Amino acid sequence: MDFETALSELEQIVGKLEAGRAPLQESIEVYERGGLLKAHCEKLLKQAEARIEKITLDGNGQPQGTEPLDG
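Rules of the game
Residues numbered from 1 in each chain as written. Predicted model: local features only at pLDDT ≥ 70, side-chain atom pairs only at ≥ 80, totals over all residues. Heavy atoms only, no water. Core = buried A, V, L, I, M, F, W, Y, C linked by side-chain atoms within 4.5 Å. Buried < 20%, exposed > 50% of the residue type's maximum accessible area, 1.4 Å probe, protein only. Helix = DSSP H or I, 4+ residues; strand = E, 2+ residues; numbered from the N terminus. Contact = heavy atoms within 4.5 Å. Salt bridge = Lys/Arg side-chain N within 4 Å of Asp/Glu carboxyl O. Expected span 1.5 Å × (residues − 1). Axes fitted to C-alpha atoms, helices over the stretch in contact; angles between N-to-C directions. Left-handed = near helix turned anticlockwise from the far one by under 90°. Nonpolar A, V, L, I, M, F, W, Y, C, P; charged D, E, K, R; others polar.

Novice: Looking at this model, I keep getting lost on the nonpolar core. Mind explaining?
Specialist: Here is a general trend for soluble globular proteins: nonpolar side chains tend to be buried in one another's company. Counting residues in hydrophobic clusters, the biggest one holds 6 residues: Ala 6, Leu 10, Ile 13, Val 30, Leu 37 and Cys 41. Those elements giving two or more residues to this core turn out to be helix 1 (3–19) and helix 2 (24–51). Dropping the residues within four chain positions of it, Leu 37 is found in contact with Met 1, Ala 6, Glu 9, Leu 10 and Ile 13.

Below is the structure:
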């Protein structure tokens, strides 16, 4: 499942739980599903973050290259 789909479903779950529109058992089930979706989204974000590079600038503020975001 891609990030946008998972996040959309997670937002729907949060809205449903906040509105109190579900019986207790269903609330527990969707809460558990929300936990799984949250973990999935966090994993995808960490993977994306690992791929992002930071642009480095020279003394004059001009781009000179890239380095890892955590570098």
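Don't stop here, the text continues.
Novice: Just to check I follow, could you spell out the pattern of salt bridges for this structure?
Specialist: Pairing between side chains of opposite charge can happen when their charged atoms approach one another. Per the stated rule, a full pass over the model turns up 3 salt bridges. For the salt bridge of Lys 16 with Glu 26, the shortest nitrogen-to-oxygen distance reads 2.5 Å. Taken together, the residues Lys 16 in helix 1 and Glu 26 in helix 2 connect sequence positions 10 residues apart. Since its relative accessible area comes to 26%, Lys 16 is described here as partly exposed. A salt bridge links Lys 38 to Glu 42; the shortest N-O distance between them is 2.8 Å. Within this pair, Lys 38 and its partner Glu 42 are both found in helix 2, separated by 4 residues, close to a single helical turn. We classify Glu 42 as partly exposed; its relative accessible area is 38%.

Novice: Please explain the side chain of Ser 27 as it appears in this structure.
Specialist: Positionally, Ser 27 belongs in helix 2. Of the residues examined, Ser 27 reaches a relative accessible area of 18% and is grouped as buried. Those residues within four positions of Ser 27 in sequence are excluded, and the remaining contacts are Leu 17 and Ala 22.

Novice: Just checking my understanding: could you explain helix 2 for this structure?
Specialist: Since one α-helical turn is 3.6 residues long, residues separated by three or four positions face the same way. Given a rise of 1.5 Å per residue, 28 residues ought to cover 40 Å, and the 41 Å separating the end C-alpha atoms of helix 2 matches this to within 8%. Every buried residue of helix 2 is listed here: Ser 27, Val 30, Gly 34, Leu 37 and Cys 41. As for helix 2, its buried residues are in contact with helix 1.

Novice: Explanation requested: the packing of helix 1 against helix 2 in the structure shown.
Specialist: Any two packed helices are characterised by the angle at which their axes cross and by the distance between the axes. The interhelical angle for the contact between helix 1 and helix 2, taken along N-to-C directions, is 145°, at an axis separation of 9 Å. Of the two elements, helix 1 crosses helix 2, and the hand of that crossing is left-handed. Note on element contacts: helix 2 touches helix 1 through Glu 26, Ser 27, Val 30, Tyr 31, Arg 33, Gly 34, Leu 37, Lys 38, His 40, Cys 41, Leu 44 and Leu 45, opposite Phe 3, Ala 6, Leu 7, Glu 9, Leu 10, Ile 13, Lys 16 and Leu 17. Within the contact of helix 1 with helix 2, the residues separate by chemical class into 12 nonpolar, 3 polar and 5 charged.

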